[in-house]
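# Examination of the molecular architecture
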Amino acid sequence: MGSGSSTPHHFVLQKAESAFKAAVLIQRWYRRYIARLEMRRRCTWSIFQSIEYAGQQDQVKLHDFFSYLVDHFTPSSHNERDFLSCMFTEKRLLKDPEMEKYCDYESIEVPDYYTGPHVSFPLLPDHATALVEAFKQKKQLHARYVVNILHEARNHLIQLPNINRISTCYSEEITVCGDLHGQLDDLIFIFYKNGLPSPERSYVFNGDFVDRGKGSIEILMILFAFMLVYPKEFHLNRGNHEDHIVNLRYGFTKEVMHKYKVHGKKILKMLQEVFCWLPLATLIDGKVLIIHGGISDKTNLELLEKLERHKIISTMKYTKKPEKEKLVEESRSSSPWFPLKSRSVPSSPLRLSPQKGSRSASIPCSFIPNRKEISKRVRKSVQLELEKCRQQVGVSEFKVQEELPLLPPESELDSCDLEGVNYEEWKQVADILWSDPMPQEGCKANTARGEGCYFGPNVTEQMLQRHNLQFLIRSHECKPEGYEFCHNRKVLTIFSASNYYEVGSNRGAYVKLGRDLIPHIVQYQANRATHTLTMRQRISRVEESALRALREKLFAHSSSLLGAFKSYDLDGTNFITLSDWSAAVESVLHLGLPWRVLRPQLVTHTTNNMLEYKSWLNDLAKEQLSHENIQSSLLEVLYRNRSNLETIFRIIDSDHSGLISFDEFRQIWKLFSSHMNIDISDESICDLARSIDFNKDGNIDINEFLEAFRLVEQSYLEDKDSELKTSETSDSSCSSQGIH
Amino acid sequence: MADDKDSGEMGLQEIQKKIKDAFEVFDHESNDTVDVREIGTIIRSLGCCPSEGELHDLIAEVEEEEPTGYIRLEKFLPMMVKVLLERRYRPIPEDLLLQAFEVLDAAKEGFLTKEELMKYMTEEGEPFTQEEMEEMLSAALDPETNTIQYRDYLAMMVIDEN
C-alpha cells in the first residue's frame, strides 16, 4: 500500500479524469465527516445509557439503604425512632376504615365548572374515544372518574390469569406496543397511525406505561378505558415501572400528586392495588410470548401461571437475605429496636440495647431474639396488616387472626418470606420484568439494573423449545430505531417511546402480527421538528444534552476528581497529561465511557497537551453553581444525591403535603450521610435548611428545595439553547425529561 | 483530534489507548471484536480520511483468513498504530476541497445545481448510496435556489468540524 495522501496538488489529466478525482475527494471527505458524526452519536447513546443505569443502581442502593437501616441502625432518640418506623411501615399499611374510603368514588363531587370529560359505566367505545380527544386538548380527567376507572379496572384485572392467552383467529391482526413512559404524544400517534382499538384490531401494551414522561396518568386512563370496553381484544402486561416504589423515584408519584392535589393520595393507593393485578405475560397462538423484560434460565411458565401475582406488590428488593457475618456482628453489639406504628397489630416486644435508657417503652421484653427473627416478624406483621385490609375489601381468602402468636424462630432457609410469596416465585416475576438479552451465551445477574438477569441466545433457545414457542417479544430497553432483533431473530425488542432521552434521540416503534405471526414493524418519531433537521443538527442537539448531563456528573464528583488528578501530579506542577485525565475520570465515575473519544468536547483548554486540572474543575463548577451562599462542596454532595434525596423526601412526606419540617430534614440528612459515608457537619445542614426556608416558617417546601437545582439547569438551558424554544410551560413540580 | 506528539513510549501508549477506546464504542459484545462494517467509522473517527478503495485494502489486511464478518482488536491495533504513526490518509485541506468543487462546476458559476451534484456523487468516483446523497443534500442544498453554494457549504462544514 502506498502512502495514503495520494492526492496530487494539481489535476493534470483530462477533464473526465479530473472530475472523477474531484468526486472521489469530495466523497472521501464527506464519508469521514459522517463517520465522525456516527461516532458522536454512539458516544452520546452510551452516555445516556450509562447514566440511566447508574440511576437504576442508585434505586437499588436506596432500598438496600433502607434495609440496612432497619437491620443496623440504633435510634438514639424518640424522633429518630418514629422516623424510622414511618419509613419502613410505609403507606401500604392501610388502616381498616381507610381502605374502604379509597375505593369510594361516589363521594367525590364533580363541580359544575368542570370542563373535562365525563365517564359513566358501563363504559362504551365512545367514552374511551372521548377520553383520547379530551387528553389531546390537554384536559384533565376529574379525580372521581379516575378512581372510578381504577376501581373498574381492578375488578376486571382480578379475573384475568397470570398469562393472557390470545389468538389471531378472533381478530385479524394484533399490534404490540412497548414502553410508553408517560409520553402521551406517542400513544396518540400510535392510535392515529394504526387506528383505535376495536374488535378487529387487537392491542397488547407491554408494560412501563408510566414514569418519566408527563402524561402517565392520562395514558393509564386511556389504556384502562379501552381494556374495559374491549376486554377480549385489549391486553396489558405489567412492566417493572408498574410499581409504586419505582414510581416514587421516577416521577409518576410526583405527577399524580401535582395533578390531583386533593385526591392524589387516594389515587396512588388505589394504583398499588391495580398494578399488582396486571397480568405478567401474553401468549399469542401459543407461539409468541410477550413479556416486559425477558427471561432467565429458570423461567418456568407453569410456575408463573400458578403463583399469586397480586401478592407481589413490588419487584424492587425490600429486604436482603441476612448475611451470616452480620448476624455474628449483631449479637455482640446492640440490636436495633424496631417498633410498629400501627395500632391494630400487637406490638412486638422487641426493645433491646439496654444502654439507651429512657425510651417510652411499650412492653418490657423478656427475651432477646436475634435480628433475623425480628425482621421476619416485622414483615409478618406488615403482611398481617395488609391481609386484614384485603379482607375488608373482600379479596383475601384467609381468615386473619386478631392476635399474632409468638412465632418460633424460623430456620435459616434460602427462601425469604416476602409477603406470603416465596422467594422462588418472586424471582420468577422479577426476572420476567427486569431481564435483558445479551449476545453471549449463558445467564448471569443483571448488575446494571440490580434485578433480573442477562440472558443469552442459548437460554432463549431452551425456553422456546421447552414451551414450543416461535419467538419472544419484549420491551424494557430503548433502541435507536425503536426496535431490535437479537438471538438470531428469536427475540424482538419493541420500544414505543420516541425521543426518549432527548428530542431526536430515537424512534419509537410498534409491531403488527397477522395469522402468519410474521412481525411487521412500524416506526415513528412523534416530533415534527426533528424531521426537518439535518442529521448533524439532530445529533448535535442530543449530544449537547448528553454532555450537559455528563458535566453535571463530573461536577458532582469534583472532590474525588481532584484527589485522582493530584495522584497523577506527584511533582505538584498543577498539570496532568490528557491521558492521565482520561484514566482519572474513569476511575472516579465508573461509567465505562470512551473518555478519550469524548475528551475534545469536555476539555477545551490545554497547554502543550497538558491540562491545568484545577482551573478545569473551577470552570465546571462555574457552570453548575447558582447560589453563592451555599458552600460548593455541600452543593456538590446534594447535587450528586439529588434523585436519592428526592425519593427519600417523598417517602417521608407521608401526607404528601410537599412540606417537611426542619427536624425531619435534618434527620434525613444525618441518616443518609451516615450510611453513604458523607462527611457534612450538623451546622452546615442547619445553615442549608435555614437558607432554603424562604418563608421562615420552620418548614421546607420540597419542591422549592429541588427547584434550586432546576434553576441552575434552566438558566444554563436558556443561555445556550435559544433556538430550542419549546412550547411547553416548565412545570417544576411535574416530572420532566432529564436524568432521574 | 489533536495531533499527538508521537515520539517515545508515552506517545505510543496514548495512541494505543485512543484506538482501543474508539474500538470499544463498537464492540457490542465486549469481546474485542467489531463488525467489519463499522471499521470504516472507527478509522475515520481516529482522524484518517481514506478513500473507499484504501479502506478496503486496510480491511483486507486485518481480516481473518476465512472472513468471519468480524475484525479482532489484536489484529486491528498494530495496523492502526502504524497508520497513525506514519500519518497516513491525512484529512483534506480546505483549499483542495474547494478546488474539487470548482472542477465539477463546469460553468464556473460558483454553485452546482442539485442535478449536477447528484450526478457526480452517485455516478462518479466512489458513488454515494441514496441515503448518503440525501443526507448531503439536506445540509448542502439551498432550498430557495435549489443549488449548492459550495463555498458557503464548505465554510459551514469546516466550522462544524471544530
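Counting restarts for each chain: residues are numbered from 1 in the order of the written sequence. Labels follow written order: the first chain is A, the first ligand is 1, and so on. Local features in a predicted model are, by the rule used here, given only for residues with pLDDT of at least 70; side-chain atom pairs are given and counted only at 80 or more, and totals for whole chains, interfaces and linings are based on all residues. Side-chain figures throughout are based on the complete set of non-hydrogen atoms in the structure, without hydrogens or water.

As annotated in an unreviewed UniProt entry, chain B is EF-hand domain-containing protein from Vombatus ursinus.

### Some details on the UniProt feature "domain: EF-hand" (unreviewed entry) in chain B
All names here are of chain B. Residues annotated in UniProt with the feature "domain: EF-hand" (unreviewed entry) correspond here to residues 14-49 and 92-127. As annotated, residues 14-49 comprises 53% helix and 8% strand, and the C-alpha atoms at either end are separated by 20 Å. Each helix is a run of DSSP H or I of at least 4 residues and each strand a run of E of at least 2, with the numbering of both proceeding from the N terminus. Secondary structure within residues 92-127 divides into 58% helix and 6% strand; the distance between the first and last C-alpha atoms comes to 19 Å. UniProt positions are given in the numbering used here, feature names are shortened, and annotations may be inferred rather than shown by experiment.

### A closer look at the interface of chain A and chain B
We call two residues contacting when some pair of their heavy atoms lies within 4.5 Å. Contacts between chain A and chain B engage 43 residues on the former and 58 residues on the latter. Note on chain A versus chain B: buried area summed over both sides is about 5,000 Å², and carbon and sulfur give 62% of it. We define a salt bridge as a contact between a side-chain nitrogen of Lys or Arg and a carboxyl oxygen of Asp or Glu at a distance within 4 Å. Where chain A meets chain B, there are 6 salt bridges. Any pair of nitrogen or oxygen atoms within 3.5 Å is treated as a polar contact; in protein, a donor-acceptor pairing is required on top of that, and neighbouring residues in sequence qualify only through side-chain atoms on both sides. Linking chain A with chain B are 16 residue pairs in polar contact (both at pLDDT 80 or more), by the criterion used here. Of all the elements in the fold, those that place two or more residues in the side of chain A that touches chain B are helix H1 (15-72), helix H17 (535-556) and helix H20 (595-602) of chain A. Sort the elements by how many residues they give to the side of chain A that touches chain B and H1 of chain A lands first, with 23 residues. Defined here as a combined quantity, buried area equals the accessible surface (1.4 Å probe) lost by two parts on assembly, summed across both.

### Some words on the sheet that holds strand E7 (residues 436-437) of chain A
All names here are of chain A. Overall, mixed pairing links the 3 strands, which are arranged E7-E9-E8 in an open sheet. Each having just a single partner strand, E7 and strand E8 (443-445) make up the two edges of the open sheet. For two strands to be treated as a pair, DSSP must find no fewer than two bridges joining them. Strand direction decides the pairing type here: E7 and strand E9 (residues 453-455), joined by 2 bridges, are parallel. Of the residues in E9, the one forming a bridge with proline 437 is phenylalanine 455.

### Considering the environment of aspartate 179 of chain A
All names here are of chain A. Relative to the helices and strands, aspartate 179 is located in the loop between strand E2 (173-177) and helix H6 (184-194). Separated by 315 residues in the primary sequence, aspartate 179 and isoleucine 494 place their C-alpha atoms 7.8 Å from one another. Residue contacts for aspartate 179: discarding those within four places in its chain leaves Asn206, Gly207, Asp208, His292, Ser475, His476, Ile494, Phe495, Ser496 and Ala497.

### A short note on the side chain of lysine 512 of chain A
Residue and element names in this part refer to chain A. Its place among the elements puts lysine 512 in strand E13 (residues 508-513). What makes lysine 512 buried here is its relative accessible area of 18%. Here glutamate 173 takes part through its side chain, which lies 3.2 Å from a polar atom of the side chain of lysine 512. A polar side-chain atom of lysine 512 sits 2.4 Å from a polar atom in the side chain of asparagine 194. In contact with lysine 512, other than residues within four places in its own chain, are Glu173, Ile174, Thr175, Asn194, Ile518, Pro519, His520 and Val522. Working definition: with a 1.4 Å probe on protein chains only, accessible area under 20% of the residue-type maximum means buried, over 50% means exposed, and in between means partly exposed.

### Digging into unusual backbone geometry
All names here are of chain A. For the bond from phenylalanine 121 to proline 122, the omega torsion is 0°, close enough to zero to count as cis. In the Ramachandran plot, aspartate 285 falls in the positive-phi region, its phi being about 55° despite a non-glycine side chain. Looking at the element boundaries, aspartate 285 is found in the loop between strand E5 (281-284) and strand E6 (288-290). For histidine 487, which is not glycine, the phi torsion reads 55° and is therefore positive. For histidine 487, the position within the fold is in the loop between strand E11 (483-486) and strand E12 (491-494).

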